[in-house]
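Notes for the structure review
Below are the chains, spelled out letter by letter.
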Amino acid sequence: MGSRKKVHAFVRVRPTDDFAHEMIKYRDDNKTIDIHLKKDSRRGVVNNQQTDWSFKLDRVLHDASQDLVYETVAKDVVSQALNGFNGTIMCYGQTGAGKTYTMTGATESYKHRGILPRALQQVFKMIEERPTHAITVRVSYLEIYNESLFDLLSTLPYVGPSVTPMTIVENPQGVFIKGLSVHLTSQEEDAFSLLFEGETNRIIASHTMNKNSSRSHCIFTIYVEARSRTLSDEKYVTSKINLVDLAGSERLGKSRSEGRVLKEATYINKSLSFLEQAIIALGDQKRDHIPFRQCKLTHALKDSLGGNCNMVLVTNIYGEAAQLEETLSSLRFASRMKLVTTEPTVNEKYDAERMVRNLEKELALLKQELAIHDSLANRTLVNYDPMDEIQIAEINSQVRRYLEGTLEEIDIINLRQIQEVFNQFRVVLSQQEQEVESTLRRKYTLIDKNDYAAISAVQKAGLVDADGHLVGEPDGQGFGLGVAPFSTKPGKKSKSKKMFKEQLRPSTPPAKPVAFEDFKNERGSEINRIFKENKSILNERRKRASETTQRINAIKREIDMTKEALNLQKSLREKQGEYENKGLMIIDEEEFLLILKLKDLKKQYRTEYQDLRDLRAEIQYCQHLVDQCRHRLLTEFDIWYNESFFVPEDLQMAVKPGGSIRPGMMPLSKIVSLGEDDQDRFSQLQQTTLPEGPDSVSFYNAKVKMEQKHNYLKTMMGLQQAHRK
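Residues numbered from 1 in each chain as written. Predicted model: local features only at pLDDT ≥ 70, side-chain atom pairs only at ≥ 80, totals over all residues. Heavy atoms only, no water.

An unreviewed UniProt entry lists the protein chain under the name Kinesin-like protein, with Bos indicus x Bos taurus as the source organism. UniProt, in its Function (unreviewed entry) section for the protein chain, records the words "Essential for normal male fertility and for progressive motility of spermatozoa." (UniProt positions renumbered as here; feature names shortened; annotations may be inferred.)

In structure tokens, the structure reads:
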């Protein structure tokens, strides 16, 4: 069990020109803040009103930069997370006091980024500094709005909205949100993209204290899993970092909120009140029951509040005299939070795969011990080891000769050999199926019977016989085999394609597969050509890599056989007696030739292996180029398809280059934008900002991608609305 420790509480004062110097004072220890309130003369001569308060916290952050705040508040919590300790950082305070700025910062500026993006950056930087560990990072983003749970990352195309509402579930491992999507991030830029995606989905509203006030509680969670690459121990550690941005408390009489904002404020104040009740109960050592389930916020943070976690609170306050009552309330909350104790412990788990490997090692040792017992007991030699590559290759050869008829039967030796014979039958069958399919694809066109769009395109192109069926026979696997009829000669466009071109505005848009073929032959012909060339190069490199691998395997088998022959020669020499001449061992010519052959084979092996490494690097680069071309081809096709078939006819000429745009219509750059302008801006940003802060590349790169995505979605929505009108 871990040792109990107090929650760390910090206070951050929002800068203001109207700071109440007479009412708010800081002591020299930089930890104590004193509040002085003048007595209300309207209460008369007998006035027992309290006028002075003193709050001692872990540190007072006044006029502090974002860098200093992170170094003071969050750096140690994030650092310990990679060692298996859970962490929670929470921002609390009234509306407009700077909670979201402290937690998230200004996404427009890398310098003013908050705790959350800095924590992501620190996690990935620490991963780079730990090459001896395999560390995976996952993230989720939860929003609690009006006592309802929402996934801020559900707008991603591969997630989608949940059919059933999300619920909070407890199990022996802790509290988790059922239905909340968790996303694997392999690099810093991906994590920033998920953060920016979630930030755009947060619910905000205009408020008297803040025109962009957060109207919900948000919890961004970073899940870390670290495994050792060097130790064979099956234990590994996990942890999670909860970064909580609470909605601001407010006095309804002062803010005078109405309508939806009033309803939101009621829910916010209610949940914050329940949070304070849970904190008071946690600080009271005599209390047995903690009311965590009174609201969704306290229930979701049950692990963080007084549990297995390093807990940090940042209280944001105003420094103005008009906000003194709210400041006192926030500081009281921070003082109560300092009474809460947590018990952080390392979260250790056991890797089933690594445990199996360790058991296999132990099994091998037991087999060796069993072989010794068999030898001492004069038993027949029994092979307990799995078959090696040479034995498997021999069985494969026997199976092939048996199928060809050159071998009448396969001798049965033991159960392991019987199992391998059946396995090689399966391997040979699979290889034959692949060869048949490859031969058919070279000679015929294969069409999926369930792909109705492709069948429709083939029918329009005239690739059918007189009965209206595809030429050729079905192969029994859901594909049709056929060749083009003689009437369809290369170089001539089919009638259906000509009609498709002449019909500028069809009543209904053509199927995307049909339109895609036309796009590849016309507007997208150049990128399609580049895509095919890159793919051809990639396939050629893969073929060469496969051939090199086969040569390496053949050399390895020859090395093993040469080693066996050499060992046999050595054993014969030892039995016959070794001869020396002037201290040098005398060997026969055959053994000498085997040594030279082995040396030559090892040299060939190293050369081929280096070639294989180079080919793999080329394959990785070619694959990247192919993926880029494919992505650009599909992106330009989507834009061309929407521009060609969803833009109203009266806007067709206007949206073309040089056309006139009537007031209120979407500019052409918004319709056909592929993000080149954003890319130019990013290039300029690299020349100006990045030299001063090279670590900001991932931050700005993710921001540019997010802006491109939202510009595209905004453009499509505008076009659809214009089409309806």
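Back to the write-up after that little detour.
**Observations concerning the overall build of the protein chain**
Along its length, the protein chain carries 20 helices and 23 strands. When the 725 residues of the protein chain are sorted by exposure, 38% land in the buried category. Taking contacts inside the protein chain between residues at least 6 apart in sequence as the whole, the part at least 24 apart equals 72%. (Helix = DSSP H or I, 4+ residues; strand = E, 2+ residues; numbered from the N terminus. Buried < 20%, exposed > 50% of the residue type's maximum accessible area, 1.4 Å probe, protein only. Contact = heavy atoms within 4.5 Å.)

**Notes on the pattern of salt bridges**
Scanning the model with the defined rule gives 24 salt bridges in all. For Glu 276, the salt bridge is made with Arg 336, and the minimal N-O distance between the two is 2.2 Å. With Glu 276 in helix H7 (residues 259-283) and Arg 336 in helix H9 (residues 324-338), this residue pair connects regions lying 60 residues apart in the sequence. Looking at Arg 336, the relative accessible area reads 28%, which means it is partly exposed. Arg 541 is paired through a salt bridge with Glu 618; the nearest N and O atoms lie 2.4 Å apart. Of this pair, Arg 541 sits in helix H16 (residues 525-576) while Glu 618 sits in helix H17 (residues 589-645); the two residues are 77 residues apart in sequence, bridging distant segments of the chain. Note on Glu 618: relative accessible area 32%, which makes it partly exposed. (Salt bridge = Lys/Arg side-chain N within 4 Å of Asp/Glu carboxyl O.)

**Some details on the packing of aromatic side chains**
Enumeration according to the criterion identifies 14 aromatic pairs in this entry. Arranged with centres 5.5 Å apart and planes meeting at 70°, the rings of Tyr 110 and Phe 699 form a pair that is edge-to-face. With Tyr 110 in the loop between helix H3 (99-103) and helix H4 (115-128) and Phe 699 in helix H20 (residues 697-724), this residue pair connects regions lying 589 residues apart in the sequence. Taking the relative accessible area as the measure of exposure, Tyr 110 reaches 11% and is therefore buried. Its relative accessible area of 1% is what places Phe 699 among the buried residues. (Phe/Tyr/Trp six-rings, centres within 6.5 Å; stacked < 30°, edge-to-face > 60°.)

**Some words on the nonpolar core**
Counting 51 residues, the largest nonpolar core has Ile 35, Met 90, Leu 275, Leu 305 and Met 337 as its most contacted members. In terms of residues, this core owes the most to one element, H7, which gives 8 residues. Setting aside residues up to four positions removed in sequence, Ile 35 forms contacts with Met 23, Ile 24, Thr 51, Asp 52, Trp 53, Phe 55, Leu 324, Leu 328 and Leu 331. Core analysis: the next-biggest nonpolar cluster, separate from the first, contains 49 residues, Leu 152, Leu 156, Cys 218 and Val 314 among them. (Core = buried A, V, L, I, M, F, W, Y, C linked by side-chain atoms within 4.5 Å.)

**A short note on the sheet that holds strand E3 (residues 24-26)**
Sheet architecture is open: 3 strands sit in the order E3-E4-E5, paired in antiparallel fashion. With one partner strand each, in any of the chains shown, E3 and strand E5 (52-56) form the two edges of the open sheet. Taken pair by pair, the neighbouring strands of this sheet meet at an average axis angle of 20°, ignoring direction. The pairing of strand E4 (residues 32-36) with E5 spans 5 bridges and is classified as antiparallel. Bridge pairing in E5 links Ile 33 to Phe 55. Along the sheet, H9 contacts E3, E4 and E5; its crossing angle with E5, the most-contacted strand, is approximately 40°. (Pairing = 2+ DSSP bridges. Axes fitted to C-alpha atoms, helices over the stretch in contact; angles between N-to-C directions.)

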